[in-house]
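# Results of the structural survey
Spelled out, the chains give:
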Amino acid sequence: MLECLFEYVQLFSAYGQTHIGLILARPASQSRSTEEVLAAYAEVFGEKIDPNLVRYHGKTLADGIREAKQLQQIDAQLQVVLTEGDTTAAGAYSEYQKSGTKVTVIGQGNELPSQLLGFSTIDYHLGEVGRQAVALLAEEDVRSVAVPVEIVDRK
């Protein structure tokens, strides 16, 4: 999990923007990944993100569209939106494209929507995680294997 936190810190630092919105699936009380995103934001910017700029229950394309509109209404200077996944990001991306609003959208998963629409994403290399997990099942020793997280920058 520390590598994920490092990647989020690196991502927020790279964009260096102060008007960031988040569209996440679950609140921090229910999700370790949400907790890490919020911690990374606080580490980079020295303060917690405005709770109004964190939208929850973002899981679908329609959620992404709806929450992108909400974020734009809350912060007219919005610069970057990080979503829980590429499908939600596709909804947000399409909404900002349709409205002519210049907002950088970043998904998670490096799935087909980010590849087709060309927005940045975070790739957890889940196929490799699965291969490593199966390989570890065949071993007698208990150990962990790190699979690197990668920011796929398509800006």
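The preceding data block contains the structure.
Summary of the structure given here. (Residues numbered from 1 in each chain as written. Predicted model: local features only at pLDDT ≥ 70, side-chain atom pairs only at ≥ 80, totals over all residues. Heavy atoms only, no water.)

## Brief notes about the pairing of strand 1 (residues 20-23)
Neither face of strand 1 is left uncovered, since the one carrying I20 and L22 and the one carrying G21 and I23 both have all their residues buried. Relative to strand 3 (residues 80-83), strand 1 runs parallel, the two being bridged by four bridges. Bridge pairing links I20 to V80 in strand 3. A crossover connection joins strand 1 to the parallel strand 2 (residues 54-55) through helix 2 (residues 32-45); in handedness this β-α-β unit is right-handed. (Buried < 20%, exposed > 50% of the residue type's maximum accessible area, 1.4 Å probe, protein only. Helix = DSSP H or I, 4+ residues; strand = E, 2+ residues; numbered from the N terminus. Pairing = 2+ DSSP bridges. Right-handed = clockwise from strand over helix to strand, strands pointing away.)

## A short note on a nonpolar patch on the surface
A grouping of L112, L116 and L117 is seen on the molecular surface, where their side chains present a nonpolar patch of about 320 Å² in accessible area. You can see L112 is positioned in helix 5 (residues 112-117). Residue L112 is classed as exposed on the basis of its relative accessible area, which comes to 53%. (Patch = residues over 30% accessible without salt bridge, like charges linked within 9 Å, V, L, I, M, F, W, Y side chains within 5 Å. Areas by Shrake-Rupley, 256 points an atom, 1.4 Å probe, with all protein chains shown as cover. Salt bridge = Lys/Arg side-chain N within 4 Å of Asp/Glu carboxyl O.)

## Quick notes on helix 2
With 14 residues, helix 2 should cover 20 Å at 1.5 Å per step; its first-to-last C-alpha distance of 20 Å lies within 8% of that length. Where helix 2 is concerned, the buried positions are T34, E36, V37, A40 and Y41. Projection of helix 2 onto a plane perpendicular to its axis shows the buried side chains occupying an angular sector of 160 degrees, all on one side. A positive backbone phi angle near 75 degrees is found at G46, which sits one or two residues after helix 2. (Expected span 1.5 Å × (residues − 1). Arc of directions from axis to C-beta.)

## Things to note about the environment of T88
Its location among the elements puts T88 in helix 4 (residues 86-99). On the basis of relative accessible area, T88 is assigned to the buried category, the value being 2%. In this structure, the C-alpha to C-alpha distance between T88 and T18, residues 70 residues apart in sequence, is 22 Å. Contact partners of T88, with chain neighbours within four places excluded, come to I23, G58, K59, T60, G64 and T83. (Contact = heavy atoms within 4.5 Å.)

## Quick word on the side chain of D86
Structurally, D86 is set in helix 4. Side chain to side chain, D86 and S114 meet in a polar contact 2.8 Å long. Excluding anything up to four places from it in sequence, D86 contacts G107, Q108, G109, N110, E111, P113, S114, F119 and T121. (Polar contact = N/O pair within 3.5 Å; in protein donor to acceptor, adjacent residues only side chain to side chain.)

## Let's talk about the sheet that holds strand 4 (residues 104-108)
Each strand in a sheet pairs with another by means of backbone hydrogen bonds, the pair being arranged parallel or else antiparallel. The mixed open sheet is built from six strands, whose spatial order is 2-1-3-4-5-6. For this open sheet the edge positions go to strand 2 and strand 6 (150-152), each flanked by a neighbour on one side alone. Set on the sheet, helix 2 makes contact with strand 1, strand 2 and strand 3; between it and strand 1 the angle comes to about 170 degrees. (Axes fitted to C-alpha atoms, helices over the stretch in contact; angles between N-to-C directions.)

## As for the pairing of strand 5 (residues 120-123)
In strand 5, alternate side chains face the same way, and those of S120 and I122 on one face and T121 and D123 on the other are all buried. For strand 4 and strand 5, the ladder comprises three bridges, and the chain directions are parallel. Along strand 5, the bridge assignment pairs I106 with S120. Each parallel crossover has a hand, and for strand 4 linked through helix 5 to strand 5 it is right-handed. In this structure, strand 5 lies alongside strand 6, joined through three bridges in antiparallel fashion. Its bridge partner being in strand 6, I122 is matched across the sheet by I151.

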